[in-house]
Amino acid sequence: MKVIVLGAGIIGTASAWFLQKAGHDVTVIDRQPGAAQETSFANGCQISVSHAEPWANPSAPLKLLKWLGKEDAPLLFRLRADWLQWRWGLSFLRECTPARAAHNIRQIVAIAEYSRQMLQSVRDETGIAYDCETRGILHFYTDEEEFQASLPAAQLMRELGCPRQNIDADEVVRIEPALAAVRDKIVGGDFTATDESGDIYKFTTGLAKKCEEAGVRFCFDTSVTRLLTEGSGAGARITGVEVIDEHGRHQVLHADSYVLAMGSFSQPLAKQVGIDLMIYPGKGYSATYQVKAPDLAPHVSLTDDGHKLVISRLGDRLRVAGTAEVNGYTRELNDVRCDAITRRTRELFPDACDYDQPEYWTGLRPMTPSNVPYIGKTRFANLFLNTGHGTLGWTMGCGSGRAIADIVSGRRPDLDFAFTGMAQPLMGTPLVSVPARG
Ligand SMILES: Cc1cc2nc3c(=O)[nH]c(=O)nc-3n(C[C@H](O)[C@H](O)[C@H](O)COP(=O)(O)OP(=O)(O)OC[C@H]3O[C@@H](n4cnc5c(N)ncnc54)[C@H](O)[C@@H]3O)c2cc1C
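Bear in mind the structure is a predicted one, so any value in this text is a computation, not a measurement.

**Notes on the overall build of the protein**
Scanning the protein from N- to C-terminus turns up 10 helices and 20 strands. Relative to the globule expectation of 22 Å for 438 residues, the C-alpha radius of gyration of the protein, 21 Å, shows essentially globular dimensions. With the C-alpha coordinates of the protein rotated into their principal frame, the extents come out at 65 × 40 × 40 Å. Within the protein, the fraction of its 438 residues that count as buried is 60%.

**Considering the packing of aromatic side chains**
Tallied over the full model, the rule gives 14 aromatic pairs. Both rings, one in Phe 77 and one in Trp 88, keep their centres 6.1 Å apart while their planes meet at 45°; by these two values the pair is tilted. Pair noted here: Phe 77 is in strand β4 (residues 75–77) and Trp 88 is in helix α3 (residues 83–94), with a separation of 11 residues, a long-range link. Taken as a pair, Phe 77 and Trp 88 share a single burial class, namely buried. Note on Phe 77 and Phe 92: the rings are 6.1 Å apart at their centroids and 65° apart in plane angle, and the pair reads as edge-to-face.

**Things to note about the site of the ligand**
Taken together, 35 residues lie near the ligand, and Asp 30, Ser 40, Gln 46, Gly 390 and Thr 395 sit nearest. Thr 391 has a polar backbone atom sitting 2.9 Å from a nitrogen atom of the ligand. Look at the ligand: alone it shows 1000 Å² of surface, and the protein chains cover 97% of it. Contributions of two or more residues to the shell around the ligand are made by α1 (10–21), β10 (223–230), β14 (280–291), β18 (353–367) and α10 (393–408). Of the residues belonging to the shell around the ligand, the class tally is 13 nonpolar, 18 polar and four charged.

**As for the pattern of salt bridges**
Applying the stated criterion across every chain yields a total of 29 salt bridges. For Arg 31, the salt bridge is made with Glu 38, and the minimal N-O distance between the two is 2.9 Å. For Glu 38, a relative accessible area of 17% translates into the label buried. Here Asp 170 makes a salt bridge to Arg 183, at a shortest N to O gap of 2.8 Å. Taken as a pair, Asp 170 in helix α6 (residues 169–175) and Arg 183 in the loop between α6 and β7 (188–192) lie far apart in primary sequence, 13 residues in all. In this structure, a network of salt bridges that share partners links the residues Arg 78, Lys 283, Glu 325 and Arg 337.

**Overview of the pairing of strand β2 (residues 25–29)**
Across the five residues of β2, four count as buried, placing the element largely inside the fold. With respect to chirality, the unit in which strand β1 (residues 2–6) leads through α1 into the neighbouring parallel β2 is right-handed. In the sheet, β2 pairs with strand β9 (residues 217–219) via three bridges, with the strands oriented parallel. Residue Ile 29 lies in a different strand from β9, and its bridge partner there is Cys 219.

**Some thoughts on the sheet that holds strand β11 (residues 237–244)**
With respect to topology, three strands assemble into an open sheet ordered β10-β11-β12, the strand pairing being antiparallel. What marks the edges here is a single partner per strand, and that holds for β10 and β12 (250–253). Here the strands of the sheet are splayed against their neighbours by 25° on average, with no regard to which way each runs. Looking at chain direction, β11 and β12 are connected through four bridges and run antiparallel. By the bridge assignment for β12, Val 243 is matched with Gln 251.

**Regarding helix α2 (residues 60–67)**
Burial in α2 covers these residues: Ala 60, Lys 63, Leu 64 and Trp 67. Buried residues along α2 cover an arc of 100° about the axis, so they all sit on one side. The outward face of α2, more than 90 degrees from its buried face, is lined by the exposed residues Leu 62, Leu 65 and Lys 66. Those residues of α2 that are buried are in contact with β4, α3 and α5 (144–159). Downstream of α2 by a residue or two, Gly 69 has a phi angle that is positive, lying close to 80°.

**So, a nonpolar patch on the surface**
Taken together, Leu 62, Leu 65 and Leu 68 make up a surface patch of nonpolar side chains, about 340 Å² in accessible area. Examined against the element boundaries, Leu 68 turns out to sit in the loop between α2 and β4. For Leu 68, a relative accessible area of 43% gives the class partly exposed.

**Focus on the state of the cysteines**
Applying the stated criterion to the full structure yields zero disulfides. No disulfide involves Cys 162; its sulfur sits 17 Å from the nearest other cysteine sulfur, which is in Cys 132.

The rules behind these values
Residues numbered from 1 in each chain as written. Predicted model: local features only at pLDDT ≥ 70, side-chain atom pairs only at ≥ 80, totals over all residues. Heavy atoms only, no water. Helix = DSSP H or I, 4+ residues; strand = E, 2+ residues; numbered from the N terminus. Rg over C-alpha atoms; globule rule 2.2 N^0.38 Å. Buried < 20%, exposed > 50% of the residue type's maximum accessible area, 1.4 Å probe, protein only. Phe/Tyr/Trp six-rings, centres within 6.5 Å; stacked < 30°, edge-to-face > 60°. Near = heavy atom within 4 Å. Polar contact = N/O pair within 3.5 Å; in protein donor to acceptor, adjacent residues only side chain to side chain. Areas by Shrake-Rupley, 256 points an atom, 1.4 Å probe, with all protein chains shown as cover. Nonpolar A, V, L, I, M, F, W, Y, C, P; charged D, E, K, R; others polar. Salt bridge = Lys/Arg side-chain N within 4 Å of Asp/Glu carboxyl O. Right-handed = clockwise from strand over helix to strand, strands pointing away. Pairing = 2+ DSSP bridges. Axes fitted to C-alpha atoms, helices over the stretch in contact; angles between N-to-C directions. Arc of directions from axis to C-beta. Contact = heavy atoms within 4.5 Å. Patch = residues over 30% accessible without salt bridge, like charges linked within 9 Å, V, L, I, M, F, W, Y side chains within 5 Å. Disulfide = S-S within 2.5 Å.

Printed below as a string of structure tokens:
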């Protein structure tokens, strides 16, 4: 079968990899000159099943109110005259009940655990080098209340098979000695030995190369402008995808099936054909520093709960990422937020890096209110979704790619997850058929 994948971030590239392995003739379209140039470019680099608790949780509404208008707040809503943003915000609030948060954690752990296994198998098969560290993820807290509030979610994750172990401050510093300078401020932590980290950009571009070697075609510098449709009801189909190619020419490309994996930009494209995806961009920041003193910089991937930052060692670089602004599609760098990341990193690891030459970056997380992605079918028989992976697209990427390849091939993926547009199996917790939307 001929399949066109729209988008060459981690999600589109992993989809293409597993689709070609399933025997399909695959073409990938992306507006950028190469793979992983947008949100999959310089993120926090954690493979973190232990981060399955979504932003929408019972403590979020109060925190959001407290943070409104604070320029350096970890999560900042800038309210706009934007109907989608308001609908998304209301839907986000509905996901904050304890029952919805627990349901969403189950979904995310299921796909994230599966995905880590898929990542490991791709790594073993391809040998892609991406500064991978398999030393676990260490989450540390500097606020007793936040630490106590984290315990129920950690407990639920353990019940679901994610070994997120609570530990005391001494154990935190034993696992990552580079945190010694702030030992007195740490009140506790948790450690998930099975989590990992690695450079998403190196992995995705490496996988795109392997895809090409296996016969996948990549059309870069090519913007998707429209999906063409025919029929209605059960007979509705996509007949082609209209693009502007690298020479500025309009063209229509045809396939038997289409996979939508354009991150935050899946929303406006799907809307043109009447599919209302509840995806809104959540702008995040990262800073990359050159490591000066290798023993003073952390090797274990860290989560600094108080500042909502994640920290990953990528060879001789240190990547620090986090914070979110819900503020439309702008990718502008805000100096206050950039400075806050460097100030905090310098405080944690004073002599580890060259803090005078940080590389700052922003990317748009494709956020659903629940942080559960859309993976599955649509009302068009040959249009499939693999999008809306929010804060965990790297963690869920390979599993989502494998799952969509199964679905396009007419098979049910081998995990208990609420695939979009598909009846649920009679096993595990009752699941809704689509992630929550407004
Ligand atoms: C600061 C930050 C830190 C993060 N940290 C982590 C982390 O530690 N762990 C983790 O698991 N996740 C993390 N994430 C989330 C993760 O990066 C994203 O979920 C993931 O990159 C999304 O991948 P994607 O392929 O869906 O989107 P993208 O990577 O954005 O890919 C979409 C592709 O579609 C293309 N495209 C869009 N519109 C068009 C069009 N009209 N025509 C043609 N092509 C188009 C784009 O060029 C792009 O290549 C982080 C995100 C941010 C911003």
